[in-house]
Amino acid sequence: MTGTDTPPELGTGRAGTLPGRFEEHARAAPEAVALRWAGTELRYGELDARADRLAHHLVERGLRPGRLAAVALGRGVEVYVALLAVLKTGAAYLPLEPGAPDPLLRHVLAEAAPALVVTEEAHRIRLTDAGAAELVCVDRAGAAGTAQPAGPPPVELDPDGLAVVLTTSGTTGAPRCAGLSHRNLLAAHHGWRTVYGITPADRILSTASLEFDVFTADWVRALCSGATLVVAPRNLTLDRTADIADLPPLVAAERITLLELNTRTARRLTALLAPTAEGHPTTEGHPTAGGSPTTGGSPTTGGSPTTGGSPTTGGSPLAGVRVLTVGAEKWWLDEHLALQRLVGRPTRVINVYGLAEASVDSTWFEVRGLDEVPGGAALSVVGLPFPGARVYVLDPDGAPLRDGTVGEIALAGPGLGPGYPGRPEETARRFVRSGHDPDGRVLLTGDLGRIAEGGTLEFVGRAAGVVGPTDAGPTDARVSAAVAGTVSRAARAEARLRARPGIREAAVAEVEVAPGRRELVGYAVTVPDAPDTDGWSLTAALTAALPAGEAPAAVVPVPELPRTRAGKLDRDALPLPAPADRTAPRRSGSGKGYRGKGGGGGRSGGVAEAEPFLGCGVLLVGVPVAVVAWLLTGKLWPGSTDVSAVPAPYDSLFRVLYLFEWGSFGLGAVWLLFGAAVTARQGRPVGLSTAAHLAVFWLLASWWPQDNLYRTTRQWDWYAQTWLVFVFNIALMVSAAIVVRFLAWQPRPPKRP
């Protein structure tokens, strides 16, 4: 175990709730700026008064303590007025992005079942169609709010009551709704304030979408500290058209002192700040002595302050930023160090790790005193727990492992939420009893890690991201030893792959390369025209560099790694590699390395990879089989192709038909022999892939025997005619239906327990 057993002092009664903490700052400094958006400002006193008026209106609409209200508003100040108003009624809020895809809106509304939805007229129809019951539109509630009494509604707020229901990103299955209490979030706030040194002088930039947990973390950090929350005009997570080049000028113009980015955005920022760098640092290693962080908010070397204040001037592209945190996905130590070098020592660059179910952030690490990544294995270091939090690395039986041993990461402490509202079975599977924790309860994360010397947590990988959803046991969702071994192997291969010259980004995941056969496959985002970055060369290099049995079955170059809505790796969208017997390359005439067909040259997996393979089959098998069909037609069905009684030019058209029948039969033979790999690579279930493979064969090959039998069968031979209908006509219809099902198939989300 790493962490502290000492819980923070969080207050009691109203003072122990989020609105109570906010109201303390509103009373102490009502003229302090609470929010900035698009050049406009909202002060603490005004924000408090507007939230009080809306809270009274929501009470009139039936919102009560213990109930849930969704908040579905766009970027701006109204969303913060609404969520504070909901909290002031004693209810909890569900952040809901109004522009989310319809399936996600329907899923979340059905899962959480909020009593009402706070939104605006522009979203009324869409939210109603998605399943929202009662709606309160803030742009029509303004007049009603002016007549409300001053002050908050006279309701008792419970520190242990739900404050927010967050929607998880869905990396381990369908998105879940996870609840957090006021006490949970104030415990997290205590950790952020202690480690980051947050004061009312800070200006915190929010770049996240309403639906993500970091949005809630941003406003809690700011408005429960008396600081200013600056809302970025563009959403850097969901808005893929947002230009990362706009971030440094925005930070400078708004005098930002603290901001959090997801890993993908941090990589984009690194590339922006180092435009002349080729690829990324390729050294591998782990922190030496002095590289581990200390708790309690100690600053990094180089004079970074521990409290908020005036922005620091200097040559840094993010001058004035005291703290820049990065999270949400695996961030390698060399990437961490590279960004720290680019922004300069006055800025503390911190890698954070956590889950929404445990109040967003549980551990933190900064490259304190580390100037380079020393030799050794590449790592992702997520450091020590925030004050009050506790972290364990467990074996499959739930026992803590000795330091240095890979196991499942488990989180505990006052930030641990109550679970998944309305899903007691799922809560019991993920939030399990533990005799090793003072509270007797830990959250199984599904992530693998190890505790290094000094209690520093190293992140190895996410089980669901490598092997996909697993069939967990009936009582809990522990990661098995076999899965832990696969994730560790994938992490080692990924570290080696991304260290290769010319590789911008890499991932290794287990995929079904053939029906019933799963292998690790590497994916590499390469620098254009870099030598030896084709699939065959990278596969061969990893095979040579790793111990026997450790290397992925293949490496597939891709222009970009597929991403989910949350910006995380989309494992289900990864392409499949070419067949193993086609990985040998042809030497490129450019002299820039290999451009083998086995995943190289930018063509990786899918039907495009199979086209040359099928083309060879047509020449070697299809043409001879078609010729045999031509020769056998007259022997098997004498007179079936006789067109002597057919007048010109129609006789020629019938001869064309016969050519097509023979050719289609030959192509069907090719498909029967070589098409199984193509259908298997499309990622459908094994049974459906097999049925589709045979259906396509029948659709191609059956015309030659069918038409000849019809032409030679007597019209009134009902036995033969019926036999032909069932063997050919109905079989063709069934085959077509199977192909339609194959093309239309989509994976279903996991069923609710």
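### So, the nonpolar core
Generally speaking, soluble globular proteins have nonpolar side chains that are buried together.
Point 1. Tyr-196 and Trp-219 are the most contacted members of the largest nonpolar core, which totals 69 residues.
Point 2. The greatest single-element share of this core, amounting to nine residues, is contributed by helix H3 (residues 78–88).
Point 3. The next biggest cluster of nonpolar side chains, apart from the first, holds 23 residues, and it includes Val-467, Ala-484, Leu-497 and Leu-542.

### Focus: the packing of helix H1 (residues 18–28) against helix H2 (residues 44–60)
Point 1. The interhelical angle for the contact between H1 and H2, taken along N-to-C directions, is 130°, at an axis separation of 8 Å. Considering their axes alone, H1 and H2 lie oblique with respect to each other. Crossing handedness for the pair H1 and H2: left-handed. Between H1, through Phe-22, Glu-23, His-25 and Ala-26, and H2, the contact on the second element is made entirely by Tyr-44, Leu-47 and Asp-48.
Point 2. Class assignment for the residues of the contact of H1 with H2 results in four nonpolar, one polar and two charged.

### Structural notes on the side chain of Asn-351
Point 1. With respect to the helices and strands, the residue Asn-351 is situated in strand S14 (residues 348–353).
Point 2. In this structure the side chain of Asn-351 is engaged in a polar contact, spanning 3.0 Å, whose partner is the backbone oxygen of Val-381.
Point 3. Discounting residues that sit within four places of it in the chain, Asn-351 has contacts with Val-326, Trp-331, His-336, Thr-363, Trp-364, Phe-365, Ser-380, Val-381 and Val-382.

### Side note on helix H8 (residues 213–223)
Point 1. With 10 of 11 residues buried, H8 is to be regarded as a mostly interior element.
Point 2. When H8 is considered as a whole, its buried residues turn out to be Val-214, Phe-215, Thr-216, Ala-217, Asp-218, Trp-219, Val-220, Arg-221, Ala-222 and Leu-223.

### With respect to empty space enclosed by the protein
Point 1. A complete count under the given rule lists two cavities of 30 Å³ or more for this structure.
Point 2. There is about 140 Å³ of room inside the largest cavity.
Point 3. The set of elements that each furnish at least two residues to the lining of the largest cavity consists of helix H7 (182–196) and strand S18 (407–412).
Point 4. When its residues are assigned to classes, the lining of the largest cavity shows 10 nonpolar, five polar and one charged.

### Observations regarding helix H21 (residues 718–744)
Point 1. Helix length check: H21 (27 residues) gives 37 Å between terminal C-alpha atoms against 39 Å at 1.5 Å per residue, within 8%.
Point 2. At Val-725, H21 shows its maximal kink, close to 35°.
Point 3. Where H21 is concerned, the buried positions are Ala-720, Gln-721, Leu-724, Phe-728, Ala-731, Leu-732, Ser-735, Val-739 and Phe-742.
Point 4. Where the residues of H21 are buried, they touch helix H18 (676–680), helix H19 (686–701) and helix H20 (703–712).

### What to know about the pattern of salt bridges
Any two side chains of opposite charge can pair if their charged atoms end up close together.
Point 1. Tallying each qualifying case throughout the model produces 40 salt bridges.
Point 2. Arg-36 is the salt-bridge partner of Glu-254, the closest N and O atoms lying 2.7 Å from each other. Taken as a pair, Glu-254 in the loop between helix H9 (247–253) and strand S12 (258–262) and Arg-36 in strand S2 (residues 33–37) lie far apart in primary sequence, 218 residues in all. Pair check on accessibility: Glu-254 and Arg-36 agree, each one buried.
Point 3. Put simply, Arg-267, Glu-329, Asp-334, Glu-335, Arg-498, Glu-505 and Arg-563 are held in one network by salt bridges that share partners.

Scoring rules and cut-offs
Residues numbered from 1 in each chain as written. Predicted model: local features only at pLDDT ≥ 70, side-chain atom pairs only at ≥ 80, totals over all residues. Heavy atoms only, no water. Core = buried A, V, L, I, M, F, W, Y, C linked by side-chain atoms within 4.5 Å. Buried < 20%, exposed > 50% of the residue type's maximum accessible area, 1.4 Å probe, protein only. Helix = DSSP H or I, 4+ residues; strand = E, 2+ residues; numbered from the N terminus. Axes fitted to C-alpha atoms, helices over the stretch in contact; angles between N-to-C directions. Parallel < 35°, antiparallel > 145°, perpendicular 65-115°, else oblique. Left-handed = near helix turned anticlockwise from the far one by under 90°. Contact = heavy atoms within 4.5 Å. Nonpolar A, V, L, I, M, F, W, Y, C, P; charged D, E, K, R; others polar. Polar contact = N/O pair within 3.5 Å; in protein donor to acceptor, adjacent residues only side chain to side chain. 1 Å grid on protein atoms, 1.4 Å probe; cavity = no way out; pocket = protein on both sides within 12 Å on 5 of 7 lines; lining within 4 Å. Points joined across faces, edges and corners; volume = space filled by probe spheres on them. Expected span 1.5 Å × (residues − 1). Bend = angle between axes of the 7 residues up to and from the residue. Salt bridge = Lys/Arg side-chain N within 4 Å of Asp/Glu carboxyl O.

Structural measurements only, silent on function.
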